Amino acid sequence: MALTNSQPSVATTPAAAQSSPLVMRIIGAVALAHLINDLIQAVLPSIYPMLKQSYGLTFTQVGLITLTFQLTASLLQPWVGYYTDRHPKPFLLPCGMICTLVGILMMSQVGSFPLILLAAALIGIGSSTFHPEASRVARLASGGRYGLAQSTFQVGGNAGSAFGPLLAAAIIIPYGQGNVAWFGLFAVFALGVLYAISRWYRNHLNLFKLKQGQAATHGLSKNRVLGALVVLGLLVFSKYFYMASFTSYFTFYLIEKFDLSVASSQLHLFLFLGAVAAGTFFGGPIGDKIGRKAVIWFSILGVAPFTLLLPHVDLFWTSVLSVVIGFILASAFSAIVVYAQELVPGNVGMIAGVFFGLMFGFGGIGAALLGYLADIHGIEYVYTLCSFLPLLGVLAILLPRSKKA
C-alpha cells in the first residue's frame, strides 16, 4: 500500500497559529546552534594532520579518534530521543553544550593519545544530547513544513562543518594546538542561544503535543515499515561511509596525490563541505514538493557516476567533482529523516536520534576502517574502493512509493 505524503496535522490549533511569527525565529536559532555545534566538531578532522605529525600517529590512530567521537555521538542518541519523546527535557540542550565546551577546552591542552580520545568522546556526548532534541524543536516549530524545517536545521550543521576547517586553518594550524581553546568562545555563545531555545520549548509544550499525528496514516503493515527503515539505514550507511572518506581523509588525499599544502587542502575541503550544506538545504523543500523517495533515489544512486570518476581525474576536476558529489549526496539526509518520522509518527526524537546516530556511527566505523586500509594500501586506494558505495542507492527501489495526498 502506498505511503502518502500527507503530513500529521500540526500547527492547526489557534495557539499554534498565534506562535507562527515566533516559530521561524526558533527554526533559525536552532539552525544557528547546530552551526556552532558542528563547527566545534569540525575542529577534530581539521587538526588531524597537525596531531598526526605532533604525536607520530598512524592513519589507524587517526581513524580511532573519529571512531571514538562518532560512537559516543551515535550510541546515546536513540536512547536520548526515545526517553525525551516520553519525558521532555527542554534544558537538556544547554547541558549538552557544556559537555562539548569541556571537551574542546580539554582538546587544546591534552598531550597524549588516550587523552585526545577522551576529549573526542566528551565532544561526542555533547552532540548525542543536542541532535535529537534540536531536531524535535525544529519539527515543533515547522508549522507542518517538515522538510523545510529539517533541512534548515541540518544546513546549519553543514555550514558549521564547512567553516570549521577554514577557522582551524586560520587559528590553529599556524599557531598550535593550544589555540583550539578559542573555539570554546563559540560554545559559550551557543549556551546562550540554547538556553533561549529551551525556554521557548518549555513554554510551548502546552501548545504543541509532542505526539501529534501518532496514528499512522500510511496504511503500511508493521513488517513493511520495519523493512523500509532497514532500507533507509542501509542508504545512510552508503552515504556516510563514503562521506567519511572526505571528512577524515580528503586533505591527506589531496596532499599525497597533488602535493598541496595543508592550508590549500583545507580550502578544497571547505568547498566540498559548502556543497554539502547547499545540497542539504535544497533537499528538504524539494522533498516536500515531489516526495521523499524521489529525492532519496536521485541523491544516493545519482551520485555514483561522479564518485566512480573522481579517483581518475586531475586536481581541477577533483575540485569540480567533489563539489558535485557533496551537493547531490547531501540532498538525501533531510528527506530520509522526515520519511522515517512519517513511517513511525509519535517518535520524532527517537527517529532523529537513530538516524543522526547512524550517521555518526557509520561515519566513525568508516573512518577507522578506511584509515586501516590507507595504512596498508595507500590513501588513493581508499578513494577507488569507496567510489562504488553509492551503487547501494539502488535499494531505494524497495521503499514504499511516496505521493502527495
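In this text, all values refer to a predicted model and were calculated from it rather than measured experimentally.

The rules behind the values
- Residues numbered from 1 in each chain as written.
- Predicted model: local features only at pLDDT ≥ 70, side-chain atom pairs only at ≥ 80, totals over all residues.
- Heavy atoms only, no water.
- Helix = DSSP H or I, 4+ residues; strand = E, 2+ residues; numbered from the N terminus.
- Buried < 20%, exposed > 50% of the residue type's maximum accessible area, 1.4 Å probe, protein only.
- Contact = heavy atoms within 4.5 Å.
- Areas by Shrake-Rupley, 256 points an atom, 1.4 Å probe, with all protein chains shown as cover.
- Polar contact = N/O pair within 3.5 Å; in protein donor to acceptor, adjacent residues only side chain to side chain.
- Phe/Tyr/Trp six-rings, centres within 6.5 Å; stacked < 30°, edge-to-face > 60°.
- Lys NZ or Arg CZ within 6 Å of the ring centre and 35° of its normal.
- Salt bridge = Lys/Arg side-chain N within 4 Å of Asp/Glu carboxyl O.
- Arc of directions from axis to C-beta.
- Axes fitted to C-alpha atoms, helices over the stretch in contact; angles between N-to-C directions.
- Parallel < 35°, antiparallel > 145°, perpendicular 65-115°, else oblique.
- Left-handed = near helix turned anticlockwise from the far one by under 90°.
- Nonpolar A, V, L, I, M, F, W, Y, C, P; charged D, E, K, R; others polar.
- Core = buried A, V, L, I, M, F, W, Y, C linked by side-chain atoms within 4.5 Å.
- pLDDT = per-residue confidence, 0-100.

Chemist: I would appreciate a short explanation of the overall build of the protein chain in the present structure.
Modeler: Within the protein chain, the secondary structure is distributed over 18 helices and two strands. Across the 405 residues in the protein chain, those meeting the buried criterion constitute 59%. For the protein chain, the share of sequence-separated contacts (at least 6 apart) that also reach a separation of at least 24 residues comes to 86%. Looking at the protein chain as shown, the accessible area adds up to about 15300 Å², and 70% of this sits on carbon and sulfur atoms.

Chemist: How should I be thinking about the side chain of Thr 72 in this particular structure?
Modeler: Mapping Thr 72 onto the fold places it in helix H5 (residues 59-75). A polar atom in the side chain of Thr 72 sits 3.1 Å from the backbone oxygen of Thr 68. Those residues in contact with Thr 72 that sit more than four places away from it in its chain are Ala 120, Ala 121, Gly 124, Ile 125 and Ser 128.

Chemist: Any chance you could explain the packing of aromatic side chains here in plain terms?
Modeler: Geometry of an aromatic ring pair is reported as the spacing of the ring centres plus the angle between the planes. Considering all chains together, one arrives at 20 aromatic pairs under this definition. With 6.3 Å between their ring centres and 70° between their planes, Phe 59 and Tyr 249 make a pair best called edge-to-face. With Phe 59 in helix H5 and Tyr 249 in helix H11 (residues 222-258), this residue pair connects regions lying 190 residues apart in the sequence. Tyr 249 shares its class with Phe 59; the two are buried. A network of ring pairs unites the aromatic residues Tyr 242, Phe 246, Phe 250, Tyr 253, Phe 258, Phe 272 and Tyr 383 as a single cluster. Just above the ring of Phe 59 sits the side chain of Lys 52; from NZ or CZ to the centre is 4.7 Å.

Chemist: What should I look at first to understand the pattern of salt bridges in this one?
Modeler: Opposite charge on two side chains permits them to pair, given that their charged atoms come into close proximity. Across all of its chains, the model carries two salt bridges by this definition. In this structure, the salt-bridge partner of Arg 136 is Asp 85, at a minimum N-O distance of 2.5 Å. Pair noted here: Arg 136 is in helix H8 (residues 113-140) and Asp 85 is in helix H6 (residues 77-86), with a separation of 51 residues, a long-range link. Per residue, the accessibility class of Arg 136 equals that of Asp 85, and both read buried. Between Arg 136 and Glu 133 there is a salt bridge; the shortest N-O distance is 2.6 Å. Residue Arg 136 and its partner Glu 133 are both found in helix H8; the two are separated by three residues, about one turn of the helix.

Chemist: Would you take a moment to explain helix H4 (residues 48-55) for this structure?
Modeler: Each α-helix winds once per 3.6 residues, and so residues spaced three or four apart point in a common direction. Taken together, the buried positions of H4 are Tyr 48, Pro 49, Met 50 and Leu 51. Looking at the packing, one finds that the buried side of H4 touches helix H3 (43-46), H5, H8 and H11. At the C-terminal side of H4, Gly 56 shows a positive phi close to 65°.

Chemist: Would you take a moment to explain H6 for this structure?
Modeler: Along H6, the positions that sit buried rather than exposed are Gln 77, Pro 78, Val 80, Gly 81, Thr 84 and Asp 85. One side of H6 holds all its buried residues, which, seen down the axis, span an arc of 160°.

Chemist: Which parts of the structure should I look at to understand the packing of H5 against H8?
Modeler: Packed helices, taken two at a time, are described by their axes: the angle between them and the distance between them. The geometry of H5 relative to H8 is characterised by a closest axis approach of 6 Å and an angle of 30° between their N-to-C directions. As judged from the angle between their axes, H5 and H8 are roughly parallel. Considering the relative orientation of H5 and H8, their crossing is right-handed. Counted together, Gln 61, Leu 64, Ile 65, Thr 68, Phe 69, Thr 72 and Ala 73 of H5 and Phe 113, Ile 116, Leu 117, Ala 120, Ala 121, Ile 123, Gly 124, Ile 125, Ser 127 and Ser 128 of H8 form the full contact between these two elements. The class makeup of the residues in the contact of H5 with H8 is 11 nonpolar, six polar and no charged.

Chemist: How should I be thinking about the nonpolar core in this particular structure?
Modeler: Grouped burial of nonpolar side chains is what soluble globular proteins tend to show. Judged by nonpolar contacts, the single largest core of 112 residues is most densely connected at Met 107, Ile 197, Leu 232, Tyr 249, Ile 296, Tyr 383 and Leu 399. Element by element, the count of residues in this core is highest for H11, at 17 residues.

Chemist: Hey, could you run me through unusual backbone geometry in this one?
Modeler: What is expected of a backbone is that most residues other than glycine have negative phi and most peptide bonds are trans. With phi around 60°, Asp 259 is a residue other than glycine that occupies positive phi space. Mapped onto the fold, Asp 259 is located in the loop between H11 and helix H12 (262-290). For Asp 259, a relative accessible area of 68% translates into the label exposed.

Chemist: Sorry if this is basic, but what is going on with the side chain of Thr 100 here?
Modeler: Mapped onto the elements of the fold, Thr 100 is located in helix H7 (residues 92-107). When its relative accessible area of 1% is taken as the criterion, Thr 100 is described as buried. Apart from the residues lying within four places of it in its own chain, the contact partners of Thr 100 are Asn 37, Ile 40, Leu 122, Ile 123, Gly 126 and Ser 127.

Chemist: I tried to follow the confidence of the model for the protein chain on my own but got confused; where do I start?
Modeler: One rule of thumb: low pLDDT means the predicted coordinates there are not for detailed reading. Confidence along the protein chain averages 82 in pLDDT terms, with 90% of residues attaining 70 or more. When the elements of the protein chain are averaged for pLDDT, strand E1 (residues 3-4) gives the smallest value, 38, and helix H14 (residues 304-309) the largest, 94. Contacts from residues 1-22, a stretch scored under 50 in pLDDT, to residues over four places away or in other chains number 51 contacts.

Chemist: Explain the environment of Gly 227 here, please?
Modeler: Mapped onto the elements, Gly 227 comes out in helix H11. The class for Gly 227 is partly exposed, based on a relative accessible area of 32%. C-alpha separation for the pair Gly 227 and Pro 400, spaced 173 residues apart in sequence, amounts to 9.7 Å.

Chemist: Please explain the packing of H5 against H6 as it appears in this structure.
Modeler: Interhelical geometry of H5 versus H6 gives an angle of 20° and a closest axis separation of 4 Å. Relative to H6, the element H5 lies roughly parallel. On H6, the residues that touch Ala 73, Ser 74 and Leu 75 of H5 are Gln 77, Pro 78 and Trp 79. By residue class, the composition of the contact of H5 with H6 is four nonpolar, two polar and no charged.

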